[in-house]
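Coordinates in review
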Amino acid sequence: MESTGERLPEIAVFGPPAFFRKIEKEFSSRFRVLRTWNSDIPLPQLLASEAGHIEAILTSGVFRVTAEVISSLPSLHLIVTTSRGLDHIDLTQCRRRGITVTNAGTIFSDDVADLAAGLLIDVLRKITPGNGHVKNRFWTGDGDFPLGFKLGGKKCGIVGLGSIGLAVAKRLQSFGCQILYNSRNKNHSVPYKFHTDIKELAMDSDFLILCCALNNETRHIINRDILLALGKKGVVVNISRGPVIDEKALIHCLKLGEIGGAGLDVFEREPLFTSELFEMENVVLSPHVAVFTEESFKAMFDLIFANFNSFFMNKPLLNVVPLE
Amino acid sequence: MESIGVLLMAPFNSYLDQELDKRFKLFRYWTQSNPKEFVAQHAEMIRAAVGNATVGVDGILIDALPKLEIISSFSVGVDKIDLKKCGEKGIRVTNTPDVLTDDVADLAIGLSLAVLRQISVCDRYVRSGLWKNGDFKLTTKFSGKRVGIIGLGRIGLAIAQRAEAFDCPINYYSRSPKPNTNYKYYPSVIELASNSDILVVACALTPETRHIVNRQVMEALGPKGVLINIGRGGHVDEPELVSALVEGRLGGAGLDVFENEPHVPEQLFGLDNVVLLPHVGSGTVETRKEMADLVLGNLEAHFSGKPLLTRVV
């Protein structure tokens, strides 16, 4: 888009999203950017003085777009979030003000499901510990590394059968896992066994893969009760949001051997830099990277670019979140 | 059967050791400071031998056991057994196919994900407290990548089925095209490597397949290509592999096997794009028990005149 003396549309960016720095240059050649995270002025003041005319904003999945932030943006018509999750946005205010919200839709589903599968296999087959065993020169022969556990024939309980849950199910089925699930509604087009109650799902499962959105119903839904129901050989994999699990309870269960292991990409507080989890060998930890691939970032860039362009040209948007 | 001597080559499974000890007269090869002498001393009694993927029964040992009737291998690969000599002498050989197919295939996919998504590096990043300094880097998507499989036997097929669930197009090389598959056949490993993002070794190790992954194959796979070896160390030219990885001519590797286990080239230890495992392809509690039962079942069948369960020779 050539600069013809006409000013480029302005977008306020909050967070910023992890990938923003990588695309900042190209983004800035098409839009004027109000960077809200690196000002000396407190945010409310910054918005009051600079953001009165801002119609569109870009936010990460972590920055909290609260009622206060929204009311500081009187001209706001569009919120583009780089995440699929919406727990960080006050949707009630958006509905009230008629603000459109677009999210990542399903563009990340494959990468997120891949990481879920990767974490599960790593925990069961001890890939990360095994890699450490060899690279730290501990391998001296047969039998000096403990055996892992088989995937095939085991029962995999999926919490939340949305696009990510379905992608996880498709993958784990190919390993010979039996798929069970709990979700708000039963999905009649899949052959998987539906459990109305999450505790029953846990009792019936060998692994639990958490693929649900974070909201008031799902906060701490995985608590001590559910973990005990999952059992001593049970493995939990979390690629949803940290607060879906009562993290203190999880650590306690792991310490006492009441569950078998965990693969965690998300935590109640991020970034996580100190935790009792760090002492444990039967857990695999990753720094909220489920969407951190070159391919997903490119897809995200293409998506938000298209949406901002479309917005300023009054064209239809992609991945609009229904707010009714 | 307590008078039947069985020679166990290494302590690879304590349940197997216990059961062999119960049912036969067990001789433990690895406990001897002078194994040659030990074997000579007990040769008259030893009618069976049990080895695994790492410690086999070679021609010299076979010659030293004149009463040997059967070798029951605790593995599916029998490259460490002198099969030719067994054939000549009428010594029967059994292995443990099928029971470990799923575990090995699971590991091939697990290694692919570990290498592409750098899962072990991520784990170390979190545990070292680095996350507070900033986000982790971008890695590479696995779904949709072209998977090239060398050998489309039981294990190769199981790997293909799993990779398909990740929407990976499947290519393969084998001695001849397999009927009844939709996978794309390539008549040479170099062509397979040129058309794949991830190359998986899943064939048996024979004199023909030794170093089937050589320098040219690695160059065809290229600086973004990943090699996964769940076959045998002997399939890959290891010094070439090390220099290709160190020099960045090959994009990454996930290795469960090595030419001279447990020796692993140290130049690989510092590479984030390389995941190394201590030969755990069949290493699950469930499968090792099934393998042990199969070894025991084959020995029992042989010594009671019944048909062998999983005969190779």
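Further up the page is the structure itself.
Description of the structure in this document. Residue numbers restart at each chain and count upward from 1, following the sequence in its written direction. Just so you know, chain letters begin at A and ligand numbers begin at 1, following the order they were written in. The predicted nature of this model means local features are confined to residues of pLDDT at least 70 and side-chain atom pairs, given and counted, to a pLDDT of 80 or more, with totals for whole chains, interfaces and linings taken over all residues. Values shown for side chains rest on all heavy atoms present in the structure; no hydrogens or waters enter the calculation.

**Examining the overall build of chain A**
Think of it this way: any DSSP run of H or I at least four residues long counts as a helix, any run of E at least two long counts as a strand, and we number them from the N terminus. The secondary structure content of chain A amounts to 11 helices and 12 strands. The size measure is the radius of gyration over C-alpha atoms, and the globule rule it meets is 2.2 Å times the number of residues to the 0.38 power. Taking 2.2 N^0.38 as the reference for a compact globule, 324 residues should give roughly 20 Å; the C-alpha atoms of chain A span a radius of gyration of 22 Å, in line with that estimate. In terms of overall dimensions, chain A has a C-alpha envelope of 70 × 50 × 35 Å along the principal axes. Note on exposure labels: buried denotes an accessible area under 20% of the residue type's maximum, exposed denotes more than 50%, and partly exposed covers the range between, all computed with a 1.4 Å probe on protein chains only. Within the span of chain A, comprising 324 residues, buried residues form 56% of the whole. Whether two residues touch is decided by their heavy atoms; if any such pair falls within 4.5 Å, the residues are in contact. Put simply, 58% of the contacts in chain A that link residues at least 6 apart link residues at least 24 apart. The Shrake-Rupley method, run with a 1.4 Å probe, gives the accessible areas here. Residue values count only the displayed protein chains as cover. Split by element, the accessible area of chain A, about 14300 Å² in all, is 50% carbon and sulfur. Neither His nor the chain ends contribute to the count of charged residues, in which Lys and Arg are positive and Asp and Glu negative. Charge positions are represented by NZ for Lys, CZ for Arg, CG for Asp and CD for Glu. Counting 35 positive and 36 negative side-chain charges, chain A places the centres of these two groups 3 Å from one another.

**Some details on the pairing of strand β1 (residues 5-8) of chain B**
Residues and elements named next belong to chain B. On β1, burial covers both faces: G5 and L7 on one face and V6 and L8 on the other are all buried. DSSP-based pairing: two strands are paired if at least 2 bridges between them are found. As judged from the four bridges shared by β1 and strand β2 (residues 25-28), these two strands associate in the parallel manner. Looking at β2, one finds that L8 is bridged to R28. Here a crossover is taken to be right-handed if, once the strands point away from the viewer, the path from the first strand over the helix to the second is traced clockwise. Note that the unit made of β1, helix α1 (residues 14-23) and β2 has a crossover that is right-handed.

**Let's talk about the interface of chain B and chain A**
Listed by partner, the interface residues are 62 residues for chain B and 60 residues for chain A. Taken together, both faces of the contact between chain B and chain A bury some 5200 Å²; the carbon and sulfur share is 62%. The largest per-residue losses of area from chain B upon contact with chain A belong to B:R127, B:W131 and B:L138, which jointly make up 15% of the total buried on that side. The salt bridge partner of B:D103 is A:R125, with a shortest N-O separation of 3.9 Å. The term polar contact refers here to a pair of N or O atoms within 3.5 Å; inside protein, the definition further demands a hydrogen-donor-capable atom paired with an acceptor-capable atom, and it admits residues adjacent in sequence only when both atoms are side-chain atoms. In this assembly, chain B and chain A are joined by 27 residue pairs in polar contact (both at pLDDT 80 or more). Elements that contribute at least two residues to the side of chain B that touches chain A include exactly α5 (101-117), α6 (119-127), α7 (154-164), β12 (274-276) and α11 (285-303) of chain B. No other element matches the 10 residues that α5(B) contributes to the side of chain B that touches chain A. Taken together, the residues that form the side of chain B that touches chain A break down as 30 nonpolar, 15 polar and 17 charged. Defined in terms of a 1.4 Å probe, buried area is the accessible area two parts forfeit on being brought together, summed over both. Here a salt bridge means any side-chain nitrogen of Lys or Arg lying within 4 Å of a carboxyl oxygen belonging to Asp or Glu. Residues are grouped as follows: Ala, Val, Leu, Ile, Met, Phe, Trp, Tyr, Cys and Pro are nonpolar; Asp, Glu, Lys and Arg are charged; all remaining types, including Gly, are polar.

**So, the sheet that holds strand β6 (residues 155-159) of chain A**
Residue and element names in this part refer to chain A. What the seven strands build is an open sheet, ordered β8-β7-β6-β9-β10-β11-β12; its pairing is parallel. With one partner strand each, in any of the chains shown, β8 (193-194) and β12 (283-285) form the two edges of the open sheet. Of the strand pairs in this sheet, β6 and strand β7 (residues 178-182) are connected by five bridges, and their pairing is parallel. In the sheet register, K155 faces β7, and the bridge partner there is Q178. Of the strands in this sheet, β9 (207-210), β10 (235-238), β11 (261-264) and β12 are in contact with helix α5 (residues 109-125), which crosses β10 at around 150°. Note on definitions: angles span 0 to 180 degrees between N-to-C directions of axes, and those axes are lines fitted to C-alpha atoms, for helices only across the stretch in contact.

**Observations concerning the pairing of strand β3 (residues 46-50) of chain B**
All names here are of chain B. A large share of β3 lies buried, amounting to four of its five residues. Of the strand pairs in this sheet, β1 and β3 are connected by four bridges, and their pairing is parallel. Considered in β3, the bridge of L7 is made with A49. Across two bridges, β3 lies against strand β4 (residues 70-72) in parallel orientation. Pairing of A49 across the sheet is with I71, part of β4.

**A word on empty space enclosed by the protein**
Empty space among the atoms becomes apparent when a probe as large as a water molecule is rolled across them. Residue and element names in this part refer to chain B. The definitions used throughout rest on a 1 Å grid laid over the protein atoms alone, on which a cavity is an enclosed set of points accommodating a 1.4 Å probe that cannot get out and a pocket is an open set flanked by protein within 12 Å on both sides along at least five of seven lines; lining residues are those having an atom within 4 Å of a point. Grid points are joined across faces, edges and corners, and a volume is the space filled by probe spheres set on the points. In this structure the tally under the stated criterion is five cavities of 30 Å³ or more. Its volume calculated, the largest cavity comes out at about 50 Å³. If you go around the largest cavity, the residues you meet are N229, G233, V236, E238, L241, L255, V257 and F258. Counted by class, the lining of the largest cavity contains five nonpolar, two polar and one charged residues. Approximately 40 Å³ is the volume attributed to the second largest cavity. Lining the second largest cavity are G51, N52, A53, G56, S73, G77, V78, D79, K80, I81 and R232. Of the residues in the lining of the second largest cavity, the class split is three nonpolar, five polar and three charged.

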